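Each chain, letter by letter, is given below.
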Amino acid sequence: MQDVIVINKETIRANMDKKKKPEPLTGEALIKKVKEIGSLSKEEKARACGYYTVTKGGVERVNMMKFLNALIDAEGIELDGKQEGTGRGGRSASYRISVQSNGNLLIGSAYTKQMGLQAGDEFEISLGRKHIKLQQVDAEELPTSA
């Protein structure tokens, strides 16, 4: 008599978890690995760095876009313009603001970051007929208190 082996979804998932592929490389580890395997094709490099998926049928599919984007990020190349910080993008500065309901004008952080302003930087305000002029006051021009 033969032994009967029962395979259910839990058994399959447990076996798949044991064979789980490692996380794709990023940053310096990615750059180092790509340099080590310099003679391979792009697809082989992407696969070696973990940028592939395995379909239900067991076929490996290389994700070249994720691989190339990770390389660009690892090299510190900025393709999206002058975005700074670790934000998720968001709106871009439009160089247009509105007076708020309390009468204040708010200049957003996109402008102050672009100008390299820091907390505590001071400005001189000049009012015109239909304009407001802000001019940064240099630290050496500030009056000293006696």
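In this numbering scheme, every chain counts its residues from 1 along its sequence in written order. Only residues with pLDDT of at least 70 are given local features in this predicted model, and only at 80 or more are side-chain atom pairs given and counted; all residues enter the totals for whole chains, interfaces and linings. The side-chain quantities take in all heavy atoms of the structure and omit both hydrogens and water.

Novice: Can you walk me through the overall build of the chain in this structure?
Specialist: Numbering of helices and strands runs from the N terminus; a helix is a DSSP stretch of H or I covering at least four residues, while a strand is a stretch of E covering at least two. Looking only at helices and strands, the chain features five helices and four strands. In sequence order, the secondary structure elements of the chain are arranged as α-α-α-β-β-α-α-β-β. Burial analysis of the chain (146 residues in total) assigns 12% to the buried set. Shrake-Rupley sampling with a 1.4 Å probe provides the accessible areas, and residues are treated as covered by the protein chains on show and by no other component. Accessible surface, the chain as shown: approximately 13,300 Å² in total, 51% of it carbon and sulfur. Each residue gets one of three labels from its accessible area relative to the maximum for its type: buried under 20%, exposed over 50%, partly exposed in between, using a 1.4 Å probe on protein chains only.

Novice: Help me understand the pairing of strand S3 (residues 122-127), please; the structure alone is not making it clear to me.
Specialist: Each regular strand displays side chains that alternate between the two surfaces of the sheet. Two strands pair under a simple rule: DSSP has to find at least two bridges between them. Judged from the six bridges that link them, S3 and strand S4 (residues 132-137) form a sheet pairing that is antiparallel. Of the residues in S4, the one forming a bridge with serine 126 is lysine 133. Between S3 and S4, which pair antiparallel in sequence order, lie four residues.

Novice: Quick question: what am I supposed to make of the side chain of lysine 45 here?
Specialist: Summarising the element assignment, lysine 45 is placed in helix H3 (residues 42-48). His is not counted, nor are the chain ends, whereas Lys and Arg count as positive and Asp and Glu as negative. Throughout this description, the term salt bridge denotes a Lys or Arg side-chain nitrogen within 4 Å of a carboxyl oxygen of Asp or Glu. No salt bridge is formed by the buried lysine 45; its nearest oppositely charged neighbour, glutamate 44, is found at 8.4 Å.

Novice: Can you walk me through the confidence of the model for the chain in this structure?
Specialist: Interpreting fine coordinate detail is not advised for predicted regions of low pLDDT. The pLDDT value expresses, per residue, how confident the predictor is, ranging between 0 and 100. Taken as a whole, the chain shows an average pLDDT of 78; of its residues, 70% reach a score of 70 or greater. Taking the mean pLDDT of every element in the chain, the minimum, 57, falls on helix H1 (residues 9-18) and the maximum, 92, on H3.

Novice: Looking at this structure, I do not really get a nonpolar patch on the surface. What am I missing?
Specialist: Patch construction takes residues with relative accessible area above 30% that form no salt bridge. Like charges are linked within 9 Å, and nonpolar side chains (Val, Leu, Ile, Met, Phe, Trp, Tyr) are linked within 5 Å. A cluster of nonpolar side chains, contributed by Ile97, Val99, Leu105, Ile107, Met115, Phe123, Ile125, Leu127, Ile132 and Leu134, occupies part of the molecular surface with about 990 Å² of accessible area. Here the nonpolar patch takes three residues from S3, the largest share from any one element. Among the structural elements, isoleucine 125 can be located in strand S3.

Novice: Looking at this structure, how should I read the environment of asparagine 102?
Specialist: The topology assignment puts asparagine 102 in the loop between helix H4 (64-75) and helix H5 (109-115). Whenever a nitrogen or oxygen atom comes within 3.5 Å of another N or O atom, the pair is scored as a polar contact, on the condition that within protein one atom can donate a hydrogen and the other can accept it, and that pairs from neighbouring residues in sequence are kept only if both atoms are in side chains. Polar contacts involving the side chain of asparagine 102 include one to the main-chain amide nitrogen of asparagine 104, which spans 3.0 Å.

Novice: Looking at this structure, how should I read helix H2 (residues 27-36)?
Specialist: An α-helix turns once every 3.6 residues. As a result, residues three or four positions apart point the same way. For H2, the set of buried residues is Leu30, Ile31 and Val34. On an axial view of H2, the arc spanned by its buried residues comes to 95 degrees, and they lie on one face. Residues of H2 that are exposed and point over 90 degrees away from its buried face: Glu28, Lys32 and Glu36. Packing partners of the buried residues in H2 comprise H3 and H4. Throughout, the arc means that of the directions going from the helix axis to the C-beta atoms. Pairs of residues are marked as contacts when any of their non-hydrogen atoms sit within 4.5 Å.

Novice: Sorry, what's going on with H4 here?
Specialist: In this analysis, the expected span of each helix is defined as 1.5 Å times one less than the number of residues it contains. The terminal C-alpha atoms of H4 lie 16 Å apart, and with 12 residues this matches the ideal 16 Å at 1.5 Å per residue to within 8%. Buried within H4 are the following residues: Met64, Phe67, Ala70, Leu71 and Ala74. One side of H4 holds all its buried residues, which, seen down the axis, span an arc of 130 degrees. Along H4, exposed side chains directed more than 90 degrees from the buried face belong to Met65, Lys66 and Asp73. Contacts made by the buried residues of H4 are with H2, H3 and strand S2 (60-62). Two residues or fewer after H4 comes glycine 76, characterised by a positive phi angle close to 80 degrees.

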